[in-house]
Amino acid sequence: MCGINGIVGYPPEKIFQMNESLKHRGPDGDSYFKDEKVAIGHTLLSIRSNDLKGSTQPFSNINWALCFNGEIYNIKEITKKFSLKQSDLDTDILFQLVNKVGLNFIKYIHGMYAICLYDKKSQKIYLFRDQSGQKSIFYTTQNKNFAFSSEIAPILNLGVDKRVNEKSLSFLNDLGYIPAPYSIFKNIFKVLPSERIEFDLTRRTIRKKILTEYESDFFKLNPDQAITECVKLHIQSKKKLGINLSGGLDSSIILHEASKNDIDIFTYTQKFETQNKIFNEESILAKKLSKDYKTKHREIYISEKLYKSNLIESHWILEEPNYNLNLSNTLIAAKIQGIQGDKNRVLLLGDGGDEVFGGYTYYYERNQEVKRYLKFMPFPIYNLLKYIKNKNYINYKSFFQRWHYFRSMKENYLKTQSNNISDLYFYDDLSKIFPQKNCLIHETMLMDRLVWLPSENFHRGDKIFMNQSIENRSPLSYFPLNVVFDKKLRGDSYLNKKDNKIFIRQLYQNKLPDYIINRSTKWGYRPPWIHWFAGMKNFILELFINAQKYDEHVNWEKLIIEVNNTTDSPSRSIQSYLSYAILLMKYNKVNISL
């Protein structure tokens, strides 16, 4: 796990400044590759080996230069298949594979990654992002120059235009975050999951392609074998390993499977300062489970004061606006778990389980009406009837359009809406990287995997944990594992009117404790804003008033009225624009405090 940078057309010495900006992602060293056209930089967070010299990137020879951020989990499978020289270093195996099969290497690797590959002969740079989108990578082609980085700041430091992308604000208004390929800035973009970006150094042109062909022996496993093997692959590390334990089914499965191996396990949970017990249900169950599995457990106590003192910093670290209330408490936890505290290098999370096992009730509820009507009429007739009723045309046959309609917030706080939903139609094609089946629930889950997880959940986790030099891993989002379950499960195996995660609960019925398996509802890590909001109201109002000086797109007056009228917990819209306002102050270098 590392930070990667690269530039074409900018002063090559800028690569040192870019590396310096990503020291938190790689505190164990930095290096670079440079020729007459390209400079590529890397900062190292050592995970698999104590051999820092052997881990130093970029790797380079007469044909290729490789720079890589992430983990390749199936290196043993690749080594055997292609008769490679054995190594514990996934970058070493990856570079051997590139030299053996060229650009086709991407068909065989599985993990979480953002990769830069420089083809010296064809004079092209390629960027790749993993199929699940767990590792972000940003790029710009402003003025026909090219730059990429694991984070936005190194690109901005090159002098790239800071103008806000109006389309991005519209998606923020709809969803509460900004989906790939867009970023908050007009000239900076994100690589999509499973996308290959090709930059031609000679022509200074860019081409994009979604990759859909992948191979793995993992695809042949049964679901129970797949989960066991998946977690085993994800605990590969020479460093200290922890698990974020929520008391939910997904993180409990990860703990159960990890405990089968001969490793020390450190578990963590968050506990909030509040008299309302519902906000600490997760910590109570996590503590109970940690005792049953005999882990070294730590509760991270989050007071109102501590939460507020980390709020601004957490949004600054994220670099883009985000509605999620958990930014601050995640940063507090990361500071305790990471380089400033317990010095964990690897942290396992349960993220992605809901999107493969069927965890959210809305997967069932919001598709029921569509499912009922489709028994009697084709999609075009249903679309027409809904248009007559709502005066808003939605193609419900489109995975993305149906998902967007259900997921988007209905209130508009922009002076003008600049995006068209068609700007993201390509997500329907992107969904084809996963097995397809005629199931509305599965189609909705695919959109959550491809839009929400990479652009909100994984983006948030990567930025905040890597800020504290922690590699966060989400085993249940491992692409081959998702494929196994997608092939196996039918719609009634996911959830129904009464139960969710039906198949996976049955699979672990006699393995996990009853208080986990038979838990009917899950509250999740939610800070008690209903109690804390009153103490933040004046700060939010003042922030929104100041934001008007730096932004002309948002109807700040309307937001100020909503904040004044809110007495309990703020809406997702307030949360989204609170984040945007905090970032406006950052990018305009205005000091603020809470």
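Residues numbered from 1 in each chain as written. Predicted model: local features only at pLDDT ≥ 70, side-chain atom pairs only at ≥ 80, totals over all residues. Heavy atoms only, no water.

(A) Representation of the packing of helix α13 (residues 362–374) against helix α15 (residues 399–407). Axis separation between α13 and α15 bottoms out at 11 Å; the angle between their running directions is 115°. For the element pair α13 / α15, the angle class is roughly perpendicular. When you trace α13 past α15, the crossing you get is right-handed. Listed contacts from α15 to Tyr362, Arg366, Asn367 and Val370 of α13 are Arg402, Phe406 and Arg407. Taken together, the residues of the contact of α13 with α15 sort by class into 3 nonpolar, 1 polar and 3 charged. (Axes fitted to C-alpha atoms, helices over the stretch in contact; angles between N-to-C directions. Helix = DSSP H or I, 4+ residues; strand = E, 2+ residues; numbered from the N terminus. Parallel < 35°, antiparallel > 145°, perpendicular 65-115°, else oblique. Left-handed = near helix turned anticlockwise from the far one by under 90°. Contact = heavy atoms within 4.5 Å. Nonpolar A, V, L, I, M, F, W, Y, C, P; charged D, E, K, R; others polar.)

(B) Looking closely at the packing of aromatic side chains. Under the definition given, this model contains 39 aromatic pairs. Considering the side-chain rings of Phe219 and Phe479, the 6.3 Å spacing of their centres and the 80° angle between planes classify their relative orientation as edge-to-face. Residue Phe219 is located in the loop between β12 (205–210) and α7 (223–234), and its partner Phe479 is located in helix α18 (residues 479–488); the two are separated by 260 residues in the primary sequence. On the basis of relative accessible area, Phe219 is assigned to the buried category, the value being 17%. On the numbers, 5.1 Å between centres and 70° between planes, the contact of Phe357 with Phe485 is edge-to-face. Within this pair, whereas Phe357 is found in helix α12 (residues 354–357), its partner Phe485 is found in helix α18, the two being separated by 128 residues in sequence. No difference in accessibility class separates Phe357 from Phe485, as the two residues are buried. A network of ring pairs unites the aromatic residues Tyr139, Phe146, Phe148, Phe189 and Phe199 as a single cluster. Here the guanidinium or amino end of Lys558 rests over the ring plane of Tyr413, the centre of that ring lying 5.1 Å away. The ring of Tyr323 is capped by Arg572, whose NZ or CZ atom sits 4.5 Å from the centre of that ring. (Phe/Tyr/Trp six-rings, centres within 6.5 Å; stacked < 30°, edge-to-face > 60°. Buried < 20%, exposed > 50% of the residue type's maximum accessible area, 1.4 Å probe, protein only. Lys NZ or Arg CZ within 6 Å of the ring centre and 35° of its normal.)

(C) Molecular detail of the side chain of Lys124. One can find Lys124 in strand β7 (residues 124–129). Given a relative accessible area of 19%, Lys124 falls into the buried group. Setting aside anything within four residues of it in sequence, one finds Lys124 in contact with Leu117, Tyr118, Asp119, Glu198, Phe199, Asp200 and Leu201.

(D) Geometry of the sheet that holds strand β5 (residues 64–72). The strand order β4-β5-β6-β7-β11-β12 describes an open sheet built from 6 strands, whose pairing is antiparallel. At either end of the open sheet lies a strand with only one pairing partner, and these are β4 (59–60) and β12. Note: β4 against β5, 2 bridges, orientation antiparallel. Looking at the pairing, Phe59 lines up with Leu66 of β5. Lying on the sheet, helix α4 (residues 90–101) is in contact with β4, β5 and β6 (111–119); it crosses β5 at an angle near 135°. (Pairing = 2+ DSSP bridges.)

(E) Just the environment of Asp30, in detail. Position of Asp30 among the secondary structure elements: in strand β2 (residues 30–34). The exposure class assigned to Asp30 is partly exposed, which follows from its relative accessible area of 39%. Distance in space between the C-alpha atoms of Asp30 and Ile516 is 44 Å, their sequence separation being 486 residues. Excluding its chain neighbours within four sequence positions, the residues that come into contact with Asp30 are Asn19, Lys23, His42 and Thr43. Of note is the side chain of Asp30, whose polar atom sits 2.9 Å from the side chain of Lys23. (Polar contact = N/O pair within 3.5 Å; in protein donor to acceptor, adjacent residues only side chain to side chain.)

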